[in-house]
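Architecture at a glance
Each chain is listed here by its residues.
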Amino acid sequence: MRLDKYLKVSKIIKRRTVANEACDAGRVEVNGKVARASYDVKVGDEIKVSLGSGSRSYRVTAVAEHALKDDAAKMYEIL
């Protein structure tokens with residue numbers, strides 16, 4: 001699954017366009033490297049998102065095309 005879509009489906013970022021813009025601006029890293037929106041997310045990847053004044057790190061635990069609100073939180077764990 002594309003990185004921008006994963007960020008939206010997992011509800012880390014609320015809109016896919018915002019996720020795409022964050023990737024283009026270099027604010028999203030995967031496994032320590034700046035990643036493009038087209039990066040293919042896999043289970044075990046570590047994603048760092050820097051938005052606003054802070055940053056958060058996540059580890060991918062599941063990849064699903066669609067997720068309900070309760071299931072979205074199970075797609076990652078906060079590091």
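Here, the structure is the one placed above.
Right, let's talk about the environment of Met75 for a bit. Within the secondary structure, Met75 is located in the loop between α3 (69–72) and β5 (76–78). Under the relative-accessibility criterion, Met75 is labelled buried at 3%. Distance from Met75 to Ser10, taken between C-alpha atoms, is 6.1 Å for residues 65 residues apart in sequence. In this structure Met75 touches Tyr6, Val9, Ser10, Arg59, Val60, Thr61, Ala62, Val63, Ala64 and Ala67, once residues within four positions along its chain are discounted.

This part is about the pattern of salt bridges. Throughout the structure, instances matching the rule amount to five salt bridges. A salt bridge links Glu46 to Arg59, with the nearest nitrogen and oxygen atoms 2.9 Å apart. Of this pair, Glu46 sits in strand β3 (residues 46–51) while Arg59 sits in strand β4 (residues 54–60); the two residues are 13 residues apart in sequence, bridging distant segments of the chain. Among the charged side chains, a salt-bridge network with shared partners connects Arg2, Asp4 and Arg16.

Cut-off values and rules
Residues numbered from 1 in each chain as written. Predicted model: local features only at pLDDT ≥ 70, side-chain atom pairs only at ≥ 80, totals over all residues. Heavy atoms only, no water. Helix = DSSP H or I, 4+ residues; strand = E, 2+ residues; numbered from the N terminus. Buried < 20%, exposed > 50% of the residue type's maximum accessible area, 1.4 Å probe, protein only. Contact = heavy atoms within 4.5 Å. Salt bridge = Lys/Arg side-chain N within 4 Å of Asp/Glu carboxyl O.

In short, shape yes, function no, at least from these values alone.
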